[in-house]
Amino acid sequence: MDFAPDPDHEAIVDAVDAVCSQFADAYWSACDREHRFPWEFYEQMAAGGWIGIAIPTEFGGGGQGITEAALVLNRIAASGAGMNGSSAVHLTMFGLNPVVKFGSDRLKAEFLPRAATGDLHVAFGVTEPDAGTDTSRIATRAVDDGSGGFVVTGRKIWTTKALESEVCLLLARTDGEPGSFDGLSLFLVDLDERHVDIAPIPKLGRNAVASCEVAYDELPVEGWRLVGERGRGFHHILHGLNPERILLAGMACGLGEVAIRRAVAYAKEREVFGRPIGANQAIAHPLAQAHMELEAAKTMMLLAAWRYDHGLDCAEHANTAKYLAAEASYRAADQALQTHGGLGYAEEYHVERYWREARLQRLAPVSQEMTCNFIAQKVLGLPRSY
């Protein structure tokens, strides 16, 4: 890796910051409070080509890597948009990556150009109510229809942006029984309301972008909607999951950054006992520690992204980046709330929103405990514990 300043990356940061500066904290608080998708922001990002930044140029995208996509999401979150802003656009960035890698020419030509312009909204359907973290237990079925296509029946949960999306990258079982990663296949399906029921899940935070339970009732899927090889869907979707962890790390670091920025500004202005509270080490040191932890997590995120973009194995680095960023983001947001004292609990100062969103990072898209299990088993070679 080259740690010298990259003019292209600096240009991306400046341009995204300029777009985000048009949307103040009050906008994001209103979207969150009203459970309203941030359409105005989304349209600005689409118009600038940022949503399609990682889609190949031959399909109208920016032709950049996961590194550049992570920088975009980092700046969105750091602007104060947090998870509401970054989640509004990030699924197109990583969700279609398996289509880019393994999709047929027809699949790419049909959907990638529309995704690059922001016209196509994409959801990601993997997790199920009875499977949870154990993807091998997926039971949603895609049954042969006898004419080269499939019929899908099952339930998914925590499908982000399903309400706004036209298509979903769906992992379903075509062969074998639950308990095996073999036999899972990946499809890009229409969210056809005649066969699909979508219900938003009431939740703690990030309410501008809904997370949904989705029921599929004999949804017809044409054969050409299969992504890659039948039965190899889990292996294909890893090209979405590792980038997802990297992008989430970038988002988490940005969220932690804005929380610290707000806390520092408040600590400089708020006076108690005749001096700014930031002069007290009990305030200053935790903020300094949170800043250092965020910088370390961001460096690991950039390493993981660089390895992915250069075709190197990055599973350890992507999982490590997500883990470190989630911890650093939450500690930063929690310390920001603590620095504000009682006012940190008030909506006026916005840090309570950052805190609610930062807590999510330790749960999704994979829990911290499962990340530790992965590192223990796959990197350290320890016996499997589950």
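Residues numbered from 1 in each chain as written. Predicted model: local features only at pLDDT ≥ 70, side-chain atom pairs only at ≥ 80, totals over all residues. Heavy atoms only, no water.

Considerations on the nonpolar core
Here is step 1 of the chain: Residues F41, M45, V72, I76, V89 and I246 are the most contacted members of the largest nonpolar core, which totals 93 residues.
Here is step 2 of the chain: With 17 residues, helix α7 (residues 233–269) is the single largest residue contributor to this core.
Here is step 3 of the chain: Aside from chain neighbours lying at most four places away, what touches F41 is C20, F23, Y27, W28, I76, G85 and V89.
Here is step 4 of the chain: Core analysis: the second largest hydrophobic core is formed by 19 residues, A142, V196, A210 and L219 among them. (Core = buried A, V, L, I, M, F, W, Y, C linked by side-chain atoms within 4.5 Å. Buried < 20%, exposed > 50% of the residue type's maximum accessible area, 1.4 Å probe, protein only. Helix = DSSP H or I, 4+ residues; strand = E, 2+ residues; numbered from the N terminus. Contact = heavy atoms within 4.5 Å.)

Structural notes on a nonpolar patch on the surface
Here is step 1 of the chain: On the surface, a nonpolar cluster with roughly 270 Å² of combined accessible area is contributed by V379, L380 and L382.
Here is step 2 of the chain: Position of L380 relative to the elements: it lies in the segment after α11 (368–379). (Patch = residues over 30% accessible without salt bridge, like charges linked within 9 Å, V, L, I, M, F, W, Y side chains within 5 Å. Areas by Shrake-Rupley, 256 points an atom, 1.4 Å probe, with all protein chains shown as cover. Salt bridge = Lys/Arg side-chain N within 4 Å of Asp/Glu carboxyl O.)

Describing the pattern of salt bridges
Here is step 1 of the chain: Here the structure, examined in full by the defined rule, presents 23 salt bridges.
Here is step 2 of the chain: Measuring nitrogen to oxygen at the nearest pair gives 3.7 Å for the salt bridge that ties E257 to R261. With a gap of four residues between them, E257 and R261 both fall in helix α7, about one helical turn apart.
Here is step 3 of the chain: Residue class for E257 comes out partly exposed when judged on its relative accessible area of 28%.
Here is step 4 of the chain: Under the relative-accessibility criterion, R261 is labelled partly exposed at 38%.

Structural notes on the environment of C372
Here is step 1 of the chain: Relative to the assigned elements, C372 resides in helix α11.
Here is step 2 of the chain: Spatially, the C-alpha atoms of C372 and A290 are 21 Å apart, while their sequence positions differ by 82 residues.

Digging into α11
Here is step 1 of the chain: With twelve residues, α11 extends 16 Å from end C-alpha to end C-alpha; this agrees with the ideal 16 Å at 1.5 Å per step.
Here is step 2 of the chain: Listed as buried for α11 are Q368, T371, N373 and I375.
Here is step 3 of the chain: Buried positions along α11 lie against α9 (315–339) and α10 (351–361).
Here is step 4 of the chain: Just past α11, the residue G381 takes up positive phi, approximately 75°. (Expected span 1.5 Å × (residues − 1).)

Thoughts on helix α3 (residues 39–47)
Here is step 1 of the chain: Three or more residues of α3 are buried, namely F41, Y42, M45 and A46. The buried residues of α3 occupy an angular sector of 135° when the element is viewed end-on, so they sit on one face. Turned more than 90 degrees away from the buried face of α3 sit E43 and A47, all of them exposed.
Here is step 2 of the chain: Where the residues of α3 are buried, they touch α1 (7–20), α2 (25–34), α4 (66–95) and α6 (105–117).
Here is step 3 of the chain: Where α3 terminates, the next one or two residues include G49, which has phi positive at roughly 80°. (Arc of directions from axis to C-beta.)

Comments concerning the layout of surface pockets
Here is step 1 of the chain: Taken as a whole, the largest pocket spans an internal volume of roughly 1,600 Å³.
Here is step 2 of the chain: Taken together, 50 residues form the lining of the largest pocket, with T127, T133, R245, P365 and V366 sitting closest to its centre.
Here is step 3 of the chain: Of all the elements in the fold, those that place two or more residues in the lining of the largest pocket are α4, β3 (150–160), α7, α9, α10 and α11.
Here is step 4 of the chain: Sort the elements by how many residues they give to the lining of the largest pocket and α7 lands first, with eight residues.
Here is step 5 of the chain: In the lining of the largest pocket, the residues fall into 25 nonpolar, 15 polar and ten charged.
Here is step 6 of the chain: Roughly 620 Å³ of internal volume is contained in the second largest pocket. (1 Å grid on protein atoms, 1.4 Å probe; cavity = no way out; pocket = protein on both sides within 12 Å on 5 of 7 lines; lining within 4 Å. Points joined across faces, edges and corners; volume = space filled by probe spheres on them. Nonpolar A, V, L, I, M, F, W, Y, C, P; charged D, E, K, R; others polar.)

Digging into the packing of α2 against α4
Here is step 1 of the chain: Where α2 contacts α4, the axes come no closer than 8 Å and their chain directions differ by 30°. Classified by the interaxial angle, the pair formed by α2 and α4 is roughly parallel. By crossing handedness, the relation of α2 to α4 is classed as left-handed. In this structure, α2 contributes D25, W28 and D32 to the contact, and α4 contributes G80, A81, N84 and G85.
Here is step 2 of the chain: When its residues are assigned to classes, the contact of α2 with α4 shows two nonpolar, three polar and two charged. (Axes fitted to C-alpha atoms, helices over the stretch in contact; angles between N-to-C directions. Parallel < 35°, antiparallel > 145°, perpendicular 65-115°, else oblique. Left-handed = near helix turned anticlockwise from the far one by under 90°.)

Looking at the state of the cysteines
Here is step 1 of the chain: The full count for this structure, using the stated rule, is zero disulfides.
Here is step 2 of the chain: The thiol sulfur of C314 is not disulfide-bonded, and the nearest other cysteine sulfur, from C253, lies at 16 Å.
Here is step 3 of the chain: Residue classification places C314 among the buried positions, given a relative accessible area of 4%.
Here is step 4 of the chain: Of all cysteine sulfurs, the one in C253 lies closest to C372, which takes part in no disulfide; the gap is 17 Å.
Here is step 5 of the chain: Overall, C372 belongs to the partly exposed group, its relative accessible area being 40%. (Disulfide = S-S within 2.5 Å.)

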